[in-house]
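Close look at the chain arrangement
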Amino acid sequence: MKKDIAVVFDFNGTCIFDKKYHNKAWQIYIEELTLKPVSDKDVSVWISGKTPKDILEHFLGYELSASMLEQFSEEKERVYRSLIAKDDVPLAPGLESFLNFLLLAQIPRTIASTADLENMSMYFERYNLDRWFRWEYIINASGGLNPKPHPDMYLAAISKLGFTADKIVVFEDSVQGVEAAYSAGVRHIIAVTGDSWNTNLITMDGVYAQIKDYTELNPDNF
């Protein structure tokens, strides 16, 4: 791996494979909110891969204001955190070894995630992320930046690292995330598909490699 690069990770679906916990949290929360059952088919069609706005407005049947969306989304995140706390969700396979490699090679790195502040704080404590990342460099959804697919989060991460976009390698698992990184000028994006139904990210602009998890990654090939 070249030492004149820096690495930015998305987190959910990229560093941990937690999609089923988010889906289950939405299922539980929507049932509490509407007092109606949410089937596994509903989860597949109306929850998995959808934005909080799309999910809530579908099941509630009306348009939400920004403040209502924020409130409902945070209540769902509390359900998600309770589910995560009950289970031993590991880092993505091979990620710890890769992060140790980056650390020893002195490759700068950070996270640009749509996770909120409470979730990111939980991840830092649960996975001892301060072994590899500086908290003050982390970009999360609580920073007031436009969310992905807007480029703002990646632009902020690139600025924190002090590199130009052409020297950045991004790991992403979503269409919106890839679009955000590409719009920020990143042209070296690696798609991580181990927690996603979407295996077509390799066809998107800026994506030059696709891995299921980090056990498939050879740092020497960067």
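Structure: see above.
Source: prediction; values computed, not measured. (Residues numbered from 1 in each chain as written. Predicted model: local features only at pLDDT ≥ 70, side-chain atom pairs only at ≥ 80, totals over all residues. Heavy atoms only, no water.)

So, the overall build of the protein
Put simply, the rule is: A run of H or I in DSSP counts as a helix once it spans at least four residues, and a run of E counts as a strand once it spans at least two, with each numbered from the N terminus. Based on C-alpha atoms, the radius of gyration is set beside the globule rule, defined as 2.2 Å times the residue count to the power 0.38. Buried means the residue's accessible area, taken with a 1.4 Å probe over protein chains only, is under 20% of the maximum for its type, while exposed means over 50%, and partly exposed covers the values in between. By the convention used here, residues are in contact when the closest approach between their heavy atoms is within 4.5 Å. The accessible surface values rely on the Shrake-Rupley method and a 1.4 Å probe; as for residues, cover is taken only from the protein chains in view. In this tally, Lys and Arg are treated as positive and Asp and Glu as negative; His is ignored, and so are the chain termini. Charge positions are represented by NZ for Lys, CZ for Arg, CG for Asp and CD for Glu.
In terms of regular secondary structure, the protein is built from 8 helices and 5 strands. Scanning the protein from its N terminus toward the C terminus, one meets helices and strands in the order β-α-α-α-α-α-β-α-α-β-α-β-β. Its C-alpha atoms give the protein a radius of gyration of 17 Å, near enough to 17 Å, the size a compact globule of 222 residues would have. Viewed in the frame of its principal axes, the protein has a C-alpha envelope of about 55 × 35 × 30 Å. Each of the 222 residues in the protein was classed as buried or not, and the buried ones make up 48%. The long-range fraction of contacts in the protein, counting pairs at least 24 apart against all pairs at least 6 apart in sequence, stands at 64%. A total accessible area of about 11,000 Å² is found for the protein, and carbon and sulfur atoms account for 51% of it. When the 22 positive and 32 negative side-chain charges of the protein are each reduced to one mean point, those points stand 2 Å apart.

Details of the sheet that holds strand E2 (residues 109-111)
Test applied: When DSSP finds two or more bridges between two strands, those strands count as paired. Angles here are taken between N-to-C directions and fall from 0 to 180 degrees, while the axes themselves are lines fitted to C-alpha atoms, restricted in helices to the stretch in contact.
An order of E2-E1-E3-E4-E5 is seen for the 5 strands of this open sheet, with the pairing classed as parallel. The open sheet has two edge strands with one neighbour each: E2 and strand E5 (207-211). Sheet twist, expressed as the average angle between the axes of neighbouring strands with direction ignored, equals 20°. Both strand E4 (residues 189-192) and E5 contribute to a ladder of 4 bridges, which runs parallel.

Some details on the packing of helix H2 (residues 40-47) against helix H3 (residues 52-60)
Short version of the rule: Angle categories are assigned with fixed cut-offs, so that under 35 degrees is roughly parallel, over 145 is roughly antiparallel, 65 to 115 is roughly perpendicular, and the rest are oblique. Amino acid classes used here: Ala, Val, Leu, Ile, Met, Phe, Trp, Tyr, Cys and Pro are nonpolar; Asp, Glu, Lys and Arg are charged; the rest, including Gly, are polar.
At a minimum axis separation of 10 Å, H2 and H3 run at an interaxial angle of 125°. Between H2 and H3, the angle falls in the class oblique. Residue-level contacts link Asp42, Trp46 and Ile47 of H2 to Ile55, His58 and Phe59 of H3. Partitioned by chemical class, the residues of the contact of H2 with H3 number 4 nonpolar, 1 polar and 1 charged.

As for the packing of helix H1 (residues 19-34) against H3
What counts here: A clockwise turn of the near helix away from the far one marks a right-handed crossing, whereas an anticlockwise turn of less than a right angle marks a left-handed crossing.
Remark: H1 packs on H3, axes separated minimally by 11 Å, with the N-to-C direction vectors making an angle of 35°. Seen from above, H1 lies across H3 with right-handed handedness. Residue-level inspection shows Trp26, Tyr29, Ile30, Leu33 and Thr34 of H1 in contact with H3, the latter providing Pro52, Ile55, Leu56, Phe59 and Leu60.

Read these as geometric descriptors, not functional statements.
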